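Fold and geometry: a report
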Amino acid sequence: MSSYAIGIDLGGTNLKAALVHKTDGIVEITKRPTEADRGPEHVVDRIADLAGHIIDGAPGPVTGIGIGSPGPINWARTTVTRPPNLPGWESVDLNAKLQSKLGREMRVVVENDANVAALGSAFYGAGEPHDSFIMITLGTGVGGAVIYRNKIFRGSTGGAAEIGHMTIDYEGPYANSGVAGAIEGYIGQSFLSSHARDRLVNYPESLIHDLVDGDLDALTPRVLHDAAKEGDEAARDILSWAGHKLGCVLGSAVNLLDIRTVVVGGGVSAAGDFILDPARETLPDYVMPGLRSDLSILQEVLGNEVSMLGAARLAIEGREAHV
C-alpha cells in the first residue's frame, strides 16, 4: 500500500488540502476559497479538481482521500447530511460523487471535521500521549470529538460529540444549527466577532479600532488576538469572556464523559492562553467534585494542519483507523 494520502479540510470559508506521507507528515498544502454559497455541486467540483491536481503531482501513488467535513457523517463514512455553514447541502454522498468526478478508483473516506482533527492530534499532536481526550475545534463553527481508548467515539449513527451544539443557556443566541444557547452561538468565529463589535462601544480608546482602520466589520478573532498581545484591555476582556463560555460547556462534557483531558484546536485557538486560561479557571466550577482531579486543557499547536493530517491518516488506515 502507498504511504501517501490526501487530507482535505472542508470548511465553510476555505477548502484546504494536503499531500501527507504516513510517517513524514505533510508534504505540501494547497488552499482555495470554498465558495460554499454556490452550492454542493460546485464545492464537490472544487474538491475533485484540487485532489486531482495533487494526485498528478505526487511523488508516489496516492492510496486515498480523507475528507473532514462539518456536520453529521453516516456510519459508512461516505455521506454528509445538512452540515452547518454549507448552504444547500441536504444529504451529499461525497464518496460516490468524487469517485465519479475523478474518473478513477480511489479510497474516499469522509468523517466529521472535529473527528479527523482529534485523529490528527492523537497521531501527531498534543493528544498523542493520551488514550482518551475530548477535542474542541474553534473556527467558523465549534466542533467536538471524543477519542476514547484510542478510537474515535462515533455514537450510534456516526454523529456523536457535537459539543459545539450543546447549549449553555436555553434562552441564549441561536447557533447555525438552530439550537438556542449553543456554545457555537457565542464563540463561533462570526458570533464572537459580532459580540466583540457590540462590546467595543464601551472601549472607544481600544487599539482594535486602529487595527481595523475604524471599520469594525473587518474585526476577526485574529485581530482580537493581535490586540491582546499588545496589552489591549478590550481584546483581553472579550477573549476572557469567550474562554469562560468555553469552560462552561466543557464542564458539561466532562460530567457526561468522565474524560479529564481536553485538546483545543482550530484557527480561533491561536489566541492561546488569552482564551484557554479563563477556560481552565472556569472548568472546575462546572464539574462535579468527584471528577475535578487531573483536569487539563491543552492547545493543539499544529493548528489547522491537524485536520488534514487526521483525514489523510484515515484514508491510509481505512475506516477502522485505530490510534
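For the structure itself, consult the block above.
Residues numbered from 1 in each chain as written. Predicted model: local features only at pLDDT ≥ 70, side-chain atom pairs only at ≥ 80, totals over all residues. Heavy atoms only, no water.

Attention shifts here to the pattern of salt bridges. Overall, the coordinates contain 17 salt bridges when judged by the stated rule. Between Arg38 and Glu35 there is a salt bridge, with its nearest N and O atoms 3.5 Å apart. According to the relative accessible area criterion, Arg38 is exposed, its value standing at 56%. In this structure, the salt-bridge partner of Glu111 is Arg154, at a minimum N-O distance of 3.2 Å. Taken as a pair, Glu111 in strand β7 (residues 107-112) and Arg154 in the loop between β10 (151-152) and α4 (184-187) lie far apart in primary sequence, 43 residues in all. On the basis of relative accessible area, Glu111 is assigned to the buried category, the value being 0%. A network of salt bridges, in which partner residues are shared, links Glu41, Asp45, Lys97 and Lys101. (Salt bridge = Lys/Arg side-chain N within 4 Å of Asp/Glu carboxyl O. Buried < 20%, exposed > 50% of the residue type's maximum accessible area, 1.4 Å probe, protein only. Helix = DSSP H or I, 4+ residues; strand = E, 2+ residues; numbered from the N terminus.)

Viewed as axis vectors pointing N to C, helix α5 (residues 189-199) and helix α8 (residues 233-257) meet at an angle of 135°, and their least axial separation amounts to 10 Å. By the criterion of interaxial angle, the relationship of α5 to α8 is oblique. Between α5 and α8 lies a crossing whose hand is right-handed. Counting all contacts with α5, which are made through Leu192, His195, Ala196 and Arg199, the residues of α8 involved are Asp237, Ile238, Trp241 and Ala242. (Axes fitted to C-alpha atoms, helices over the stretch in contact; angles between N-to-C directions. Parallel < 35°, antiparallel > 145°, perpendicular 65-115°, else oblique. Left-handed = near helix turned anticlockwise from the far one by under 90°. Contact = heavy atoms within 4.5 Å.)

Take the environment of Ile208 next. By secondary structure assignment, the location of Ile208 is in helix α6 (residues 207-211). For the pair formed by Ile208 and Glu41, sequence separation is 167 residues and the distance between their alpha carbons is 39 Å. If we ignore the near neighbours within four places in the chain, the residues touching Ile208 are Leu200, Leu219, Val223, Leu224, Ala227, Asp232 and Ala235.

Helix length check: helix α10 (residues 305-317) (13 residues) gives 18 Å between terminal C-alpha atoms against 18 Å at 1.5 Å per residue, within 8%. All of the buried residues in α10 are Val306, Ser307, Met308, Leu309, Gly310, Ala311, Ala312, Arg313, Leu314, Ala315 and Ile316. In the segment just after α10, Gly318 is the residue with positive phi, at about 95°. (Expected span 1.5 Å × (residues − 1).)

Looking now at the packing of helix α1 (residues 40-57) against helix α2 (residues 94-102). Between α1 and α2, the least distance of the axes is 10 Å, while the angle of their chain directions is 55°. Judged on the interaxial angle alone, α2 and α1 are oblique. The chirality of how α1 crosses α2 is right-handed. Contact residues: Glu41, Val44, Asp45, Ile47, Ala48, Ala51 and Gly52 in α1; Leu94, Lys97, Leu98, Lys101 and Leu102 in α2. Across the contact of α1 with α2, the residue classes break down as 7 nonpolar, 1 polar and 4 charged. (Nonpolar A, V, L, I, M, F, W, Y, C, P; charged D, E, K, R; others polar.)

What follows covers the pairing of strand β12 (residues 296-299). Here strand β11 (residues 261-265) pairs with β12 via 4 bridges, running parallel. Across the sheet, residue Val264 finds its bridge partner in β12, namely Gln299. Regarding topology, helix α9 (residues 273-282) serves as the crossover connection from β11 to the parallel β12, and that connection is right-handed. (Pairing = 2+ DSSP bridges. Right-handed = clockwise from strand over helix to strand, strands pointing away.)

Turning to the nonpolar core, a few remarks are in order. Formed by 45 residues in total, the largest nonpolar core has its most connected members in Leu224 and Leu246. Sorting the residues of this core by element identifies β8 (133-138), β9 (142-148), α4, α5, α7 (221-229), α8, β11 and α9 as the ones contributing at least two each. Broken down by element, the residue count for this core peaks at 11 residues, all from α8. With 31 residues, the next largest nonpolar core counts Leu19, Val43, Ala48 and Leu50 among its residues. (Core = buried A, V, L, I, M, F, W, Y, C linked by side-chain atoms within 4.5 Å.)

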